[in-house]
Amino acid sequence: MNTQNKPTALSADLNNFIYGVSRRNFQNAPELTKTGISLLRNFPAARDAVLEYFAMVFHEAVNVSINQTDYESDTSANGSLESVSMIGPELCNMGESWAPFIAPWCINLIMDIATEKANLPNATLQNTDPVRVLLDITTQNLTLLNAEERAKCIDMMLGCRACSWAVGWVGRAEPALVAPRALALGADAARAVLAHLANHPPALYHVRAALVDLFQEAIKEDSKADKKREVIPYLLNLASKSDIVLKALTQDIEQTLTDEVMDRLCVVCATHRHSGAWEGVGPSSLVALLLRSDVHCFLLLLRHAQRNLFCRQLLEYLLQKLEHECLFPDANIPLVMSAAEEINIIREKLLIGNQLEQYSIARILILVCYNLPSEFVSTISYLLQYSRNDTTLALLVRIVSGTISMHTPADGTDIHMDTDRYQNFIKTGVEYALRDAMISDTQIKKFFIEDKVSKDTKTYLHHFCLNIVKLLRWERSGRVSALRSRWAGRAAEAGAGRLSAALRARACTLRPAPAAAPPDMPTCHALAEVLDNIDMSGTKSPPPSVEVILKVVQATVQYFFRCIHEQDIMAKIRGVQTASRLLRKLCLHSKLARAVALRDLLETAMFREDKVFGSRTVVANTIASPRDWHNEELLIYMNQKHGPITQLTQSHTSVFHAGIIGKGVRKRGSQEGEDAPPILTLNNELLMGALMSCMDGNSGIVEGCTSISLLLVELVSPDVMYNGLPWPDEDFTKQVSIERELYMRAAVQRCGVARAALRRAARARPALCLASALLRAAAASLLHRARAHLDRHTQSAEMARELAALTELLSVMTLGQLLPHPLSHILELAPELTPSEIVQVLRDCIWNYTRDHVPSPALFTCDSSGLHWRDPSTCKPPATYTDTLRLIIQKRISKLGHMYPIMFLNLEKDS
């Protein structure tokens, strides 16, 4: 029964199918489609009729998809679309035996639809659902064919120019077949196919392989050269029309165009360049291709331009074309954009390339910086950090000036008119370079290996500073026209605050540094040199702010003391000279800078760096190992004993003891340990030079030394009381201020810097008057200690030191003209005086005179040259202050008689 029903059902389906198709009504298309699918499975002889009907359904479905609005009222429209959705899965799953029939049918149907709808955009046709179903059916069945059958199908599609988009879509499954066959077509047809094929990224590899194989075959040496002479022009023509082809050809071009390939290519070009096919191959067409290529092609051209004249000419033509095209506002040149993306490779080549490469890359960088200000900033930063010679630094100048001048009209009168617009970019580039150099040095120091760092290793910050200094020197010379706008100097001046912060951080002597890291001192010298070359006077540009000036002053003072620690004498002197020069520039136009500099120099030298200048603490031997003390060593018993200690007349205080509370008896060391530190040392002289560099001219020196005197009193005096100019009665010091005077005397005597500064102040009269408190302290302590020695009747070592202190006091007061003639000659008598005579001279001559004649700037007159001095004819001391000296000389006329006419002869004549 079933056997009889099957033919009957098949016959009924066939009759229904034929009847339905003959009516050409797509309202019942889904039913006919089902019948057709059943016939394909059960009655293969009806294959052609069924597939023809399916083709009609697809045509109708494409029309419906394209013109949706025209078919909204037609009920048969949805039927054709529904039928297409039924046909697709069935034909995709028919199996390998049906693939040789279905694949060609699908390709022919696609070609018919593409030809019929050739007036529509490819994207519109390709995006319709029926066409997508057809493409899926074709792709699925192509994979089931053997290689020969697939090749025939691909050739069928390539024969239709209207369905290049379909070839690209279907070729995704077999790109290795499609790509070589597409290249066999004309340039326009191949471009269309490859453009659609390139939408599938994995297919790019096969496109490139096909292009390279075609190129390699064209330059191969064989007997078929005439047949292949049109290949290279064809590839160039195809690349000019297709970005995909150009990208595929230029990808990894260094591996494709090796030196051997280039030699063979030159031979081929020389052989066929006069043929008709090569007419379109010339410098203009090659430059047009290079403009659309990436920067690796440009670098390859640079490499071959060294030994090939045509490449060199082509390079110059390309650069001129680039410079012309970039002048247009909306220019978007792929080569320039590629150079911006590969900017790191370009900059590195700029540093290590030969002259032609450096010159050409600089021109490319100008164009990149012109279009992208961010790359302009980063290029400045990079070259300032990594430039190691004058050539690369000159290229930086060329890049900056070229970028700025590109904005200037051709008929402009000033090529630097746009410098102000780019000055902020340049300033930012310098700041970035400084920041990145400091970060690089910090990171690199973490990886240094012990004893693996050479002495001449320079930090990135050091190289940055050397480059800035060189630019500033070129700018100052006036011989570099590109630097006449002072863009380098203005950028360095804007970064003075950051430079000073970097100098201060590296000049700190207490900052720990890895033992294997490069030394910071050369970097400090370089930073100081940069600051020294910056113009901070405000004559060429706006002056720096007060904050920046103070930062630079503090950093310079820190650098000065770092130089004092240098072991190499010449390096120390050069560094100190740089610091002094910088201080002079800063203090010349700012009194605030001078005040800060003087204070920092004195405070640091007297307290934080006192050992470098030979100074000692005010109270010696304060550090001793703890131990058990015996009764006879306790101060309560020591104060009851008589010994070589300071004894005060009519004193009821026990603070002047023979030891230190908690430490026992004061230790007596060698005489050298007790003597005052020397003044005339190298470090002291360098410090005095730095102090004097903060002053300028006679008035500046007087003002500066006055500040030094006031600072010395402020720093030495333990309080603000009794710091005035007047000298009180001697009895007042005994009862009230002797402890204070002793402390101040010890502080000054043990500090070589303070004593040297007093001498400098004495030379700049009348600045010494403001240090009257220090002179009074020394005189009071000398007077009381000399009086204490009268009880011992011996010339002890302590008395010898007191005599040396007296000599120094007299020399300072004489130098400052605080002691008029003949009191100024006490200095020559002092070595011959006994303790009793010293007491008399100090009390009757020096103390009483200064008490009655207060050391005041009012005693000095200023002459026309700006010098202050006391007129000897108007400041003769009365006999009250000189009789003691006269009596002492007369009493010891045999030994001191030669001084009498010098001191008193003129006085007697005047009287």
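What you see is a predicted model, and the numbers here were worked out from it, not measured in a lab.

Rules of the game
Positions within a chain are numbered from 1, following the residues in the order the chain's sequence is written. Two thresholds apply to this predicted model, a pLDDT of at least 70 for residue-level local features and 80 or more for giving and counting side-chain atom pairs, whereas whole-chain, interface and lining totals are computed over all residues. No hydrogens and no water enter the side-chain calculation; it runs on all heavy atoms of the structure. The helix and strand labels rest on DSSP assignments: H or I over at least four residues marks a helix, E over at least two residues marks a strand, and numbering proceeds from the N terminus. Here the term buried applies to any residue with accessible area under 20% of the maximum for its type, exposed to any over 50%, and partly exposed to those in between, with areas from a 1.4 Å probe on protein chains only. In what follows, residue pairs with any heavy atoms lying within 4.5 Å of each other are defined as contacts. Each accessible area value is a Shrake-Rupley result obtained with a 1.4 Å probe; residue values ignore everything except the protein chains displayed when judging cover. Between the first and last residue of a helix there are one fewer steps than residues, each counted as 1.5 Å, and that sum is the expected span. This arc is taken over the directions from the axis of the helix to the C-beta atoms. Polar contact is defined as a pair of N or O atoms within 3.5 Å, subject to the rule that within protein one atom must be able to donate a hydrogen and the other to accept it, and that residues adjacent in sequence are counted only when both atoms are side-chain atoms. In this analysis the probe radius is 1.4 Å and the grid spacing 1 Å, with only protein atoms considered; a cavity is a set of points the probe fits into but cannot get out of, a pocket is an open set with protein on both sides within 12 Å along at least five of seven lines, and lining residues have an atom within 4 Å of a point. Grid points are joined across faces, edges and corners, and a volume is the space filled by probe spheres set on the points. Under the scheme applied, nonpolar residues are Ala, Val, Leu, Ile, Met, Phe, Trp, Tyr, Cys and Pro; charged residues are Asp, Glu, Lys and Arg; polar residues are all the others, including Gly. For this analysis, a salt bridge means a side-chain nitrogen from Lys or Arg found within 4 Å of a carboxyl oxygen belonging to Asp or Glu. pLDDT measures how confident the predictor is about each residue, on a scale from 0 to 100. Any two cysteine sulfur atoms lying within 2.5 Å of each other are counted as a disulfide. Between the rings of Phe, Tyr and Trp (Trp by its six-membered ring), a pair exists once the centres lie within 6.5 Å; its type follows the angle of the planes, with under 30 degrees stacked, over 60 edge-to-face, and the other angles tilted. Axes here refer to lines fitted to C-alpha atoms; in helices the fit is confined to the stretch in contact. Angles between the N-to-C directions go from 0 to 180 degrees. Crossing handedness is read from the near helix: turned anticlockwise from the far helix by less than a right angle, it gives a left-handed crossing, and turned clockwise, a right-handed one. Nonpolar cores are built from buried Ala, Val, Leu, Ile, Met, Phe, Trp, Tyr and Cys residues. Side-chain atoms within 4.5 Å join them into one set.

Participant: Can you break down the overall build of the protein chain residue by residue, with the values?
Facilitator: The number of helices and strands found in the protein chain is 45 helices and 4 strands. Counting only residues that meet the buried cut, the protein chain has 49% of its 911 residues in that class. Across the protein chain, contacts joining residues at least 24 apart in sequence account for 76% of those joining residues at least 6 apart. Here the protein chain has roughly 43900 Å² of accessible surface; of this, 53% comes from carbon and sulfur atoms.

Participant: How would you explain helix H8 (residues 147–158) if you had to name every residue and give the values?
Facilitator: With 12 residues, H8 extends 16 Å between its outermost C-alpha atoms, agreeing within 8% with the 16 Å of an ideal straight helix rising 1.5 Å per residue. Residues Arg150, Ala151, Cys153, Ile154, Met157 and Leu158 constitute the buried set of H8. Taken around the axis of H8, the buried residues stretch over an arc of 160°, which confines them to a single face. Opposite the buried face of H8, at more than 90 degrees from it, the exposed residues are Glu148 and Lys152.

Participant: Give a description of helix H19 (residues 309–325) that names residues and reports values.
Facilitator: With 17 residues, H19 should reach 24 Å at 1.5 Å per residue; the first-to-last C-alpha distance of 24 Å fits that figure. Listing the buried residues of H19 in full gives Cys311, Leu314, Leu315, Leu318, Leu319 and Leu322. Projected down its long axis, H19 carries its buried residues within an arc of 135°, all on one side. In this fold, the buried residues of H19 make contact with helix H17 (283–292), helix H18 (295–304), helix H20 (334–341) and helix H22 (355–371). Capping the start of H19 is the job of one residue whose side-chain oxygen sits 2.9 Å from the backbone nitrogen of Phe310: Asn308.

Participant: So what's going on with empty space enclosed by the protein? Residues and values would help.
Facilitator: Taken as a whole, this structure holds 5 cavities of 30 Å³ or more when the rule is applied. Taken together, the residues of the lining of the largest cavity sort by class into 3 nonpolar, 1 polar and 1 charged.

Participant: Can you break down the pattern of salt bridges residue by residue, with the values?
Facilitator: As enumerated under the stated definition, the model contains 35 salt bridges in all. Between Glu475 and Arg486 there is a salt bridge, and its shortest N-O distance comes to 3.7 Å. One end of the pair, Glu475, is in helix H26 (residues 460–477); the other, Arg486, is in the loop between H26 and helix H27 (487–494), with 11 residues separating them in the sequence. Linking Glu685 and Arg760 is a salt bridge whose minimum nitrogen-to-oxygen distance equals 3.3 Å. Here Arg760 lies in helix H38 (residues 752–763) and Glu685 lies in helix H35 (residues 682–693), a separation of 75 residues in the sequence. What emerges from the salt-bridge pattern is a single network uniting Asp259, Asp263, Arg303 and Arg307.

Participant: Outline the confidence of the model for the protein chain, listing residues and values.
Facilitator: Should the pLDDT be low somewhere, the predicted coordinates at that spot are not to be read in detail. For the protein chain, the average pLDDT comes to 80, and 82% of its residues sit at 70 or higher. Ranking the elements of the protein chain by mean pLDDT puts helix H34 (residues 671–674) last with 45 and helix H23 (residues 373–386) first with 94. Across residues 510–517, confidence stays below pLDDT 50; counting only partners more than four residues off in sequence or on other chains, it has 14 contacts. Segment residues 669–673: pLDDT under 50, and 4 contacts once partners within four positions in sequence are set aside and those in other chains are kept.

Participant: Let's hear about the state of the cysteines: which residues, and what values?
Facilitator: Summed over all chains, the structure comprises 0 disulfides. Free cysteine: Cys465, not disulfide-bonded; nearest cysteine sulfur from Cys524 at 9.6 Å.

Participant: Requested: an account of the packing of aromatic side chains, with residues and values cited.
Facilitator: Tallying each qualifying case throughout the model produces 13 aromatic pairs. Their ring planes at 80° and their centres at 6.5 Å tell us that Phe376 and Phe425 sit as a pair that is edge-to-face. Taken as a pair, Phe376 in helix H23 and Phe425 in helix H25 (residues 419–445) lie far apart in primary sequence, 49 residues in all. With a relative accessible area of 0%, Phe376 lands in the buried category. Overall, Phe425 belongs to the partly exposed group, its relative accessible area being 27%. Between the aromatic rings of Tyr422 and Phe425, the centroid separation amounts to 5.2 Å while the plane-to-plane angle is 80°, which identifies the pairing as edge-to-face.

Participant: So what about the side chain of Ser709? Which residues, and what values?
Facilitator: With respect to the helices and strands, the residue Ser709 is situated in helix H36 (residues 697–716). Contacts of Ser709, omitting those with residues within four sequence positions, involve Ala761, Ala767, Leu768, Leu770 and Ala771.

Participant: Please give an account of unusual backbone geometry that cites residues and values.
Facilitator: Between Arg765 and the following residue, Pro766, the backbone shows a cis peptide bond with an omega angle of 5°. Within the element layout of this structure, Pro766 appears in the loop between H38 and helix H39 (772–788). The peptide bond linking His821 to Pro822 adopts the cis configuration, its omega dihedral lying at 10°. Within the secondary structure layout, Pro822 lies in the loop between helix H40 (797–815) and helix H41 (826–829). Here the phi dihedral of Asp252 falls at roughly 55°; this positive angle occurs in a residue that is not glycine. One can find Asp252 in the loop between helix H14 (243–250) and helix H15 (253–256).

Participant: Residues and numbers for the packing of H22 against helix H24 (residues 390–405), please.
Facilitator: The interhelical angle for the contact between H22 and H24, taken along N-to-C directions, is 35°, at an axis separation of 9 Å. Between H22 and H24 lies a crossing whose hand is right-handed. Side by side, H22 and H24 meet where Gln358, Tyr359, Ala362, Arg363, Leu365, Ile366, Cys369 and Tyr370 of the first sit next to Thr391, Thr392, Leu395, Arg398, Ile399, Gly402 and Thr403 of the second. When grouped by side-chain class, the residues that make up the contact of H22 with H24 number 8 nonpolar, 5 polar and 2 charged.

Participant: Give me the lowdown on the nonpolar core, citing residues and values where you can.
Facilitator: If you look at the biggest cluster of nonpolar residues, it comprises 268 residues, and the most contacted ones within it are Phe54, Trp105, Phe298, Phe464, Leu601 and Leu687. Excluding anything up to four places from it in sequence, Leu687 contacts Phe560, Phe561, Leu601, Ala605, Phe613 and Val753.

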